[in-house]
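Here's the letter readout for the chains.
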Amino acid sequence: MKIPTLKKNKEFYRVYNRGKAYVSPVVVTYVFKRRYGVAKIGITAGKKIGKAVKRNRARRVIMAALRELYPRIDNRYDIVFVARGRTPFVKSTEVLRCMEKQLKKAGVLI
């Protein structure tokens, strides 16, 4: 299943600036409620995470957790997941737990 993604910088900034943030040691989740359309997801890993190998690993781990979670996400939200320093070193199951907890708190899960 293909997950619709945020692609443009302005889409990411709309979620950052107008959305709500939920923080954990593994991942930060920004949630922005839209009026219509499908849920779009963005994943970022800044240079603080490390070099390209670690940043790619962090994005892969988040994406693996997201594949399990995506069918339960409400369609009216844009979501951005930001990797943190610990993300490349944990398993996708731990990331899944953190993401699930944050999205339940945000009221995004169906």
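Everything below is about the structure shown above.
Note that the structure is predicted; figures quoted are calculated from it, not measured.

Helices and strands together make up the secondary structure of the chain, namely 3 helices and 4 strands. Mapped from its N terminus to its C terminus, the chain presents α and β elements in the order α-β-β-β-α-β-α. Computed over its C-alpha atoms, the radius of gyration of the chain comes to 13 Å, within 12% of the 13 Å expected for a compact globule of 110 residues. Here the C-alpha coordinates of the chain stretch approximately 35 × 25 × 25 Å along the principal axes. Here the chain holds 110 residues, and the buried ones make up 44% of them. Long-range pairs, those at least 24 residues apart, make up 79% of the contacts in the chain between residues at least 6 apart in sequence.

So, on to the sheet that holds strand β3 (residues 40–44). Taken in spatial order, the 4 strands of this open sheet run β1-β2-β4-β3, and their pairing is mixed. Looking at which strands have only one partner, the edges of the open sheet turn out to be β1 (20–23) and β3. Shown here is a sheet whose adjacent strand axes are inclined to one another by a mean of 15°, direction ignored. Of the strands in this sheet, β2 (27–33), β3 and β4 (77–83) are in contact with helix α2 (residues 52–69), which crosses β3 at around 150°.

This part is about helix α1 (residues 9–18). All buried positions along α1 are accounted for by E11, F12 and V15. Projected onto a plane normal to the axis of α1, the buried residues spread over an arc of 100° and lie on a single side. In α1, the exposed residues that point more than 90 degrees away from the buried face are N9, K10, N17 and R18. On its buried face, α1 sits against β2, β3 and β4.

Okay, helix α3 (residues 92–106) next. Under the 1.5 Å per step criterion, the end-to-end length of α3 is 21 Å for 15 residues, consistent within 8% with the ideal 21 Å. The set of residues buried in α3 consists of V95, L96, C98, M99, Q102, L103 and A106. Projected down its long axis, α3 shows its buried positions confined to an angular sector of 170°, all on one face. Those residues of α3 that are exposed and aimed more than 90 degrees away from the buried face are R97, K101, K104 and K105. Residues of α3 that are buried in the fold lie against β1, β2, α2 and β4. Following α3 by one or two positions, G107 adopts a phi angle in the positive range, close to 75°.

Reading the values: rules and limits
- Residues numbered from 1 in each chain as written.
- Predicted model: local features only at pLDDT ≥ 70, side-chain atom pairs only at ≥ 80, totals over all residues.
- Heavy atoms only, no water.
- Helix = DSSP H or I, 4+ residues; strand = E, 2+ residues; numbered from the N terminus.
- Rg over C-alpha atoms; globule rule 2.2 N^0.38 Å.
- Buried < 20%, exposed > 50% of the residue type's maximum accessible area, 1.4 Å probe, protein only.
- Contact = heavy atoms within 4.5 Å.
- Pairing = 2+ DSSP bridges.
- Axes fitted to C-alpha atoms, helices over the stretch in contact; angles between N-to-C directions.
- Arc of directions from axis to C-beta.
- Expected span 1.5 Å × (residues − 1).

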